[in-house]
Amino acid sequence: MPDSVALPGEPVLEVVSPDGARRFARVTQTPFHIGRGAETGNHLQLSDRRISRNCAAIVTEANRFYLEDRGQRRGLFVNGEKIESRELQNGDAISFGLEDSYEIIFRNSTGTGSDDESIPHLLTRIEHITASEPTGSGGLRKLNLLLEATTLLHSQLPLDSVLGTMLDHAVSVTDADRGLLLEGDNPANLKVRLARRSGGLRLPPESLTPSQTAISLALKQRSPVITEDLAQTGMDLAAAQSIVAQRLRAVVVIPLYANLRANTQESMINVKRGEFLGVLYMDSRRPAAFSKLDRQILDALAADAASILDNARLVERERERQRMEQEINIARDIQQALLPRDFREFPHLAVSGINFPCLSVGGDYFDVFPLSDRRTAFLIADVSGKGLGAALLTTMLQGALSGMTLGTDPARVFNHVNRFLCSHSEVGRYATMFFGILDQDGELDYINAGHPSPFLIRHGVAEEPFTEGSYPVGLVQEAEYITARVKLEPGDTLILFSDGVTEAMDPGDELYGVPRLREVLTGQSDCALDKLQKSILESVENFAKGAHQADDLTLLIVRYRSTPAVAMTDTDISSSAAAHQPANSHSDPGSNSLDAEAALQPALPAANSAASGSASNTAKPVPSAETIAPKVS
């Protein structure tokens, strides 16, 4: 990458994430690189797999800013038009040919690419105002007010001080008795932010009653209402109750909107008005006479006030975004810290697992914890929804289930958690879970609460034997959970996964699906767990081809291995060797000793069928009537 140089002025990129969150990045050097990931030296990093690593760059030439396409796969767009290189103007919207990806708004308040408040534009505006009308005795004074107001945009004064001066100028230009600045997110929720009377004196906001009729009319027609004499107006304002009560003769109402912005999915012809910011209101008990110059200056002052409010709102949103980002980072750190790391060695099983949330925090989690020297619990869960709400519920579930280390029966815990969530319907979330307890003898007690059936790899054949189960936890009040049991053989491997694996989508919205996962797992009996996990992730990533994923992805792999306590004796080995041909070895690569029982395990008829090309008789460890535990309510 060429050496970067510092810029004399720093434009700002307003980055709008797919979820609507906004952040700001200053263009502090050139070329300013934009793309996915940091490994290619990107200054602005976008976390969307569909965006190329070398995507775009902002460069300067003759104090102008240009956007260049540096290899975005689906093209680079400015205001909906595909470009190779384009000079950027203030307010230009940059997109990447994707409907649900990032949008970047270029904002620049200096140089030739500046906004409407640059000095050249200001002089042009003054020239336009004065060209058709002589300024007279008060014209230069009013133009000076306009110049002062515009200069305030670039000052470092407190916001209320700038807005107050702007309001004072508007009152002076209109020769009004008083002026108000009303602010709100929508026209139905307006509050007085500042109030002034002629001479720059402050007024208590609660003491004023602006004409709601005049304000409603201006908002309805989305344009200013300027009346010089209410007694002569043809509108219904003269009869308005507040106007009559206050004996008003002149009213000015100017709605304030953010800068116009183009929709990036459409052409620049289809321009939409910016969001509503507030209202500039003035009134007087004396008739007024507004010249053309006065009206144009009012329009300019209103534009200045709207720009100040818009910038202030952007700053406030950026502060709120930073605060939320800090809290989300804390939540992410806590959630990741609660996941098991550096899996300890268990005498009867080996474990590997990984979690990739699609957002900063997610609704998937897994856990592995010992219940005793002979029994180990493991689980995988997927909470409905995404983000902080799902993360909070995963933490609650993890705390509840970890309490089983104290000896609580799993079915009772599941029934209790289900009733608790259902009785708090305002939570509005549920969770699918697969929970298992594996002992040294290979007995697996499990509860499947609406979760996709884990795969069982036995003798190289991948099956889904855990199809029976109950509803997700927190979905049905009357649901009852029971513990079922299966017998595992040494070398058996369980693949637990969330639907972020099987429901991963490629750019054409095709699902990865269960058959593809089965194909990856088939024949993987002796594969080390970390390599098996890597194979699954690579298969999903290659299928997705960089498409944005809308769900968390979680894997938990558990392999049962025999222990010396249950291994065969020399006599057993000799007699078994005389009676049967030995099958393939099922030793765990992570184990320090060869699994004697697995090495001599007789090949099942299902394995023979699979070897001959038929999978119709593959073995399934179906729970028997004797091994299913009684239902516990």
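Below, the structure is looked at part by part. (Residues numbered from 1 in each chain as written. Predicted model: local features only at pLDDT ≥ 70, side-chain atom pairs only at ≥ 80, totals over all residues. Heavy atoms only, no water.)

### A closer look at the pairing of strand β14 (residues 178-183)
- Most of β14 sits inside the fold, with 5 of its 6 residues counted as buried.
- With 6 bridges connecting them, β14 and strand β15 (residues 191-197) associate as antiparallel partners. Looking across to β15, one finds that Leu180 is bridged to Ala195.
- Across 6 bridges, the pairing between β14 and strand β21 (residues 276-284) is antiparallel. (Buried < 20%, exposed > 50% of the residue type's maximum accessible area, 1.4 Å probe, protein only. Helix = DSSP H or I, 4+ residues; strand = E, 2+ residues; numbered from the N terminus. Pairing = 2+ DSSP bridges.)

### Some words on the packing of aromatic side chains
- In this structure the tally under the stated criterion is 9 aromatic pairs.
- Look at Phe65 and Phe106: their rings are 5.9 Å apart centre to centre, the planes differ by 55°, and that puts the pair in the tilted class. With Phe65 in strand β8 (residues 64-69) and Phe106 in strand β13 (residues 103-107), this pair connects stretches of sequence that are 41 residues apart.
- Accessibility expressed as a relative area gives 9% for Phe65, which makes it buried.
- On the accessibility criterion, Phe106 (0% relative accessible area) is buried.
- Between Tyr446 and Phe466, the ring centres sit 4.9 Å apart and the planes meet at 80°, which makes this aromatic pair edge-to-face. (Phe/Tyr/Trp six-rings, centres within 6.5 Å; stacked < 30°, edge-to-face > 60°.)

### Quick look at the sheet that holds strand β28 (residues 461-463)
- The strand order across the open sheet built from 5 strands is β22-β31-β30-β27-β28, with neighbouring strands paired in antiparallel fashion. Where the open sheet ends on each side, the last strands, each with one partner, are β22 (349-356) and β28. On average, each strand axis in the sheet is tilted by 15° relative to the strand beside it, whichever way the strands run.
- Bridge count between strand β30 (residues 493-497) and strand β31 (residues 553-560): 5 bridges; the pairing is antiparallel. Directly across from Thr493, in β31, lies its bridge partner Arg559.
- Most of the contacts of helix α10 (residues 513-521) go to strand β27 (residues 455-458), to which it runs at about 25°, and overall it touches β27, β28 and β30.
- Packed on one face of the sheet, helix α11 (residues 529-544) meets β22, β27, β30 and β31 and runs near 150° to β31. (Axes fitted to C-alpha atoms, helices over the stretch in contact; angles between N-to-C directions. Contact = heavy atoms within 4.5 Å.)

### What to know about the environment of Ala195
- Structurally, Ala195 is set in strand β15.
- When its relative accessible area of 3% is taken as the criterion, Ala195 is described as buried.
- In the structure, Ala195 is positioned 28 residues away from Leu167 in sequence and 8.2 Å away in space, judged by C-alpha atoms.

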